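# Structural features, examined
If you want the building blocks of each chain, they are given just below.
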Amino acid sequence: MVYAHGGNPEDYDRLLEMGIDIKGKIALVRYSEPYSYRGFKALTAQRRGAAGLLIYSDPRDDGYVRGDVFPNGPWGPESHIQRGGIPFDFIVPGDPLTPGWASIPGATRLKPEESETLPKIMAVPLSHKETRPLLENLAGPAVPPEWQGGLPFTYHVGPGPAKVHLKVEMDNSVGSIWNVVGKIKGGEEPDKWVVIGNHRDAWVYGAVDPSSGTSALLGLAQNLGQLVKDGYRPKRSIVFCNWDAEENTLTGSTEWAEQYTDKLKKDGVVYINVDSAASGPYFGAAAVPSLGDFMLQITQEVLDPYTGKTIYEAMEQHRQGRNQKEETGLIETRVGSGSDHTVFLNFVCMPVIGMGFDGPYGVCHSQYDDFFWMSHFGDPQFCYHATLATLWGMTALRLANAQIFPFNFEAYAGEIGSYVKEIVSQGEKPVSPDLNLLVSRIESFQKTAQELNRHIERLLSQGTKISSEILQAINAALIQTERDFGFPGGIPKRPWFKHLIYACKFTYDPEVLPGVTEAVEEKDWARAKEQISLLDKAVSRADRTL
Ligand SMILES: [Zn+2]
């Protein structure tokens, strides 16, 4: 066995510098801070030739070094095990045997050995209680200082003398999963869908992940259901989705959206995701840039249940407390992966929003994520659960009822422009002229979007009735514009990912302009030019649509 820190590529490089090759050995790695998706650790270990992988929770990452542990505090006790999937769903999420098409009865299925996303090595998660005797029995050089974790002895990299016999029993049979989908039919435009979703499957009890979100979804369904019984109907339909098998490669949502891609492409207004609703008092939201301002407005109208301040003010205060830079937006507009919004943004090319409250939480995916934890540390009064349901419901209702969708493409264009300028600033000469052309294309798109915004403002401020043809034309264009950022062939090496502005990195972190970014990183200038041209065409399409 070899200790390989976070199990990221740079860690194995460092080991090689120390003369240690992981080939044929078992890598012991920790869940790292900042987080990198464990499937990326598995792929990295596999690529480097490791025989197997052990992933453990080090007390420095989410245990006693951070604060009091369960049952006295929110951090992970010595026996907590963070379970979790390791397939490579950053390449294609969903059923590994049906990449890109719906896994329904009768569907064509790959053989497991044909799947690009199933790991070829085994991996097991461990607590630090179980890891300790292994780690204590590693000799070899002491670890570099930044690799030292929180256990009370000096870590060594090995290899050995600790030896591990790794045996995993797998059930590879095909079985059923169950998505539960309900709908409030819209009164005026029933074909148009505002889709909201949350997953239901948990690793153990899942009080935070996902049951806090599921309780918010159920509360919302009950309340909106009551409104319908009282005779109220939203203008457009609201579709409630309770996904199964999110924890296994985002399967429930992915397969459903692959099954209904055409319908969603045509009529899907937005997808609003809540995974964990509440593990603390700090609100966070991510959205495509067209919906950033809209989400800020929502936070200005809902109150924090304890302080009576608006959620917006609470976010501002929290940001100042962390000394975070002013420029960082309160709404995260770089959207990565790791939950059920992925298929909607990256495969269907619909606008997406995600939201939740968080706080100190060291028991993720373990048996301690339970009712005791929630009622003592996470959200003892369940106020943030209720507040999240309010925020979620307001967001859905406004989008379902809006006369004109509040999609701001002027802001979106500004974001895309800044991503391109980030690449320009790297000074990669071979693609500089192409990038400069792209910048001017984006500026033209931004001008068009600005004109449309002004036009909409004028229309709405006139107070007279706007003809339904005009409303329909504007709304159809606003829906189409996000689709215009998609390319049917997808991005190089990951054709499932159709969106040209956003994808995820293999760690689940957001990656902007993925096709261009990856080609530039690899200094593949021919591919970079091709990707810039595809992006240029996408922005032109969006410009024409608006
Ligand atoms: Zn979850």
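Note that this is a predicted model, so its numbers are computed, not measured.

It is worth spelling out the coordination of the zinc ion at this point. Within the first shell, the zinc ion binds the protein through His199 (NE2), Asp209 (OD), Asp275 (OD) and Asp275 (OD), at distances of 2.0 to 2.6 Å. For the zinc ion, the four donor atoms in the first shell make angles of 53 to 146° at the metal, so the coordination geometry reads as irregular. The sequence pattern formed by the donor residues of the zinc ion is H-x9-D-x65-D. Of this pair, His199 sits in strand β6 (residues 189–199) while Asp275 sits in the loop between β8 (268–273) and β9 (282–287); the two residues are 76 residues apart in sequence, bridging distant segments of the chain. Like His199, the residue Asp275 is buried in the burial classification.

Further remarks concern the pattern of salt bridges. Once the charged atoms of two side chains with opposite charge are near each other, the side chains can pair. Under the definition given, this model contains 23 salt bridges. The shortest N-O distance in the salt bridge between Arg334 and Glu422 comes to 2.7 Å. On the criterion of sequence distance, the pair formed by Arg334 in the loop between β10 (331–332) and α10 (342–348) and Glu422 in helix α13 (residues 409–424) is long-range, its members being 88 residues apart. By relative accessible area, which is 29% here, Arg334 ends up partly exposed. Using a relative accessible area of 36% as the deciding quantity, one classes Glu422 as partly exposed. Between Arg494 and Glu511 there is a salt bridge, with its nearest N and O atoms 3.3 Å apart. Of this pair, Arg494 sits in the loop between α15 (468–484) and β12 (502–504) while Glu511 sits in strand β13 (residues 510–512), and the two are 17 residues apart along the sequence. Via salt bridges that share partners, Lys192, Lys263, Lys266 and Asp267 belong to a single interconnected network.

Further remarks concern the state of the cysteines. Tallied over the entire structure, the rule returns zero disulfides. The closest cysteine sulfur to the non-disulfide-bonded Cys349 is located on Cys504, 14 Å from its own sulfur. Among the residues examined, Cys349 registers a relative accessible area of 2% and is labelled buried.

Each pair of packed helices can be described by the angle between their axes along with the distance between the axes. Orientation of helix α8 (residues 292–300) relative to helix α9 (residues 311–321), taken along the N-to-C sense of each, is 105°, at an axis distance of 6 Å. As the angle between them shows, α8 and α9 are arranged roughly perpendicular. Counting all contacts with α8, which are made through Leu296, Thr299 and Gln300, the residues of α9 involved are Ile311, Tyr312 and Met315. Here the residues of the contact of α8 with α9 are counted per class, giving four nonpolar, two polar and no charged.

Calculation criteria
- Residues numbered from 1 in each chain as written.
- Predicted model: local features only at pLDDT ≥ 70, side-chain atom pairs only at ≥ 80, totals over all residues.
- Heavy atoms only, no water.
- Donors = N, O, S within 2.8 Å, 3.2 Å for Na, K, Ca; no water.
- Tetrahedral: all angles 85-135°; square planar, octahedral: opposite > 155°, others 65-115°.
- Helix = DSSP H or I, 4+ residues; strand = E, 2+ residues; numbered from the N terminus.
- Buried < 20%, exposed > 50% of the residue type's maximum accessible area, 1.4 Å probe, protein only.
- Salt bridge = Lys/Arg side-chain N within 4 Å of Asp/Glu carboxyl O.
- Disulfide = S-S within 2.5 Å.
- Axes fitted to C-alpha atoms, helices over the stretch in contact; angles between N-to-C directions.
- Parallel < 35°, antiparallel > 145°, perpendicular 65-115°, else oblique.
- Contact = heavy atoms within 4.5 Å.
- Nonpolar A, V, L, I, M, F, W, Y, C, P; charged D, E, K, R; others polar.

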